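Residue-level listing of the chains:
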Amino acid sequence: MWLILFFILQAPAPQTAKPAAPSTLDFDLYKARVEPLFVEKRPGHARCVVCHSTGTAFRLQALPAGRAWNDEESRKNFEVASRFVLPGVPSKSRLLTMPLAHEAGGTEFHPGGKHWESQDDPEWKALADWARSTK
C-alpha cells in the first residue's frame, strides 16, 4: 500500500492543455487568395471543400448553398488551415505538400489526388506566399 502511495506522489502533475496560440499568418491574404482555392474546380478532381468539409482532420466549414463563406466561417477555416502551415516554411507545410506531386516535393499520397505538378503552379505559389506572410 505504501509503495503505491509513494509512486502516486512521485508522479508528475498532469499538464493542462494550453490554448492554441493565435496564428501569425495574414487573415486578409488568406481570405483574398487562399480560401477561394478551396472551392476552385480542377479537371479530374473534386473541389477541396467537397472532401474537406467532412471526415478529415483538415475540416473546412460546409459551404452554404448559393453563397460564399461569411466572415465567421472564413475565420474558422483560417484557424483550421493555419494548423497545417508552418509559418515561413511552405515546403514543410502539410497544406502545401499533401496536394503537391511527390516529384515536386509533395507527400507520396493525398486521397484527393495531386492538384499541382510543381511549386511553380500559381495556386501553389499563392498558398506559399500566404505561408510566408505575417500580420
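First, a word on scope: everything that follows refers to the structure included in this document. On a predicted model such as this, the values are computed, not experimentally measured, just so you know.

Conventions adopted
Residues numbered from 1 in each chain as written. Predicted model: local features only at pLDDT ≥ 70, side-chain atom pairs only at ≥ 80, totals over all residues. Heavy atoms only, no water. Salt bridge = Lys/Arg side-chain N within 4 Å of Asp/Glu carboxyl O. Helix = DSSP H or I, 4+ residues; strand = E, 2+ residues; numbered from the N terminus. Buried < 20%, exposed > 50% of the residue type's maximum accessible area, 1.4 Å probe, protein only. Arc of directions from axis to C-beta. Contact = heavy atoms within 4.5 Å. Polar contact = N/O pair within 3.5 Å; in protein donor to acceptor, adjacent residues only side chain to side chain.

## Comments concerning the pattern of salt bridges
A complete count under the given rule lists six salt bridges for this structure. The partner of Asp129 in a salt bridge is Arg33, with the nearest N and O atoms 3.6 Å apart. Placement of the pair is Asp129 in helix 6 (residues 122-132) and Arg33 in helix 2 (residues 27-34), with a sequence separation of 96 residues. Between Glu72 and Lys76 there is a salt bridge, and its shortest N-O distance comes to 3.5 Å. One end of the pair is Glu72 and the other is Lys76, both in helix 4 (residues 71-82) and four residues apart, which spans about a single turn. What makes Glu72 exposed here is its relative accessible area of 54%. On the basis of relative accessible area, Lys76 is assigned to the partly exposed category, the value being 38%. It is possible to trace a salt-bridge network through shared partners that takes in Arg33, Asp129 and Arg132.

## A word on helix 2
When helix 2 is considered as a whole, its buried residues turn out to be Phe27, Tyr30 and Val34. One side of helix 2 carries all its buried residues, which in axial view fall inside an arc of 80 degrees. Turned more than 90 degrees away from the buried face of helix 2 sit Asp28 and Ala32, all of them exposed. Each element contacted by the buried residues of helix 2 is listed here: helix 4 and helix 6. The residue sitting at the N-terminus of helix 2 and contributing the capping side-chain oxygen is Asp26; that oxygen lies 2.9 Å from the backbone nitrogen of Asp28.

## Examining the side chain of His110
Checked against the element boundaries, His110 lands in the loop between helix 5 (94-97) and helix 6. Judged by its relative accessible area of 12%, His110 is buried. Within the local environment of His110, its side chain forms a polar contact with the backbone oxygen of Gly113, the two atoms lying 2.5 Å apart. What His110 contacts, discounting residues up to four positions off in sequence, is His52, Met98, Pro99 and His115.

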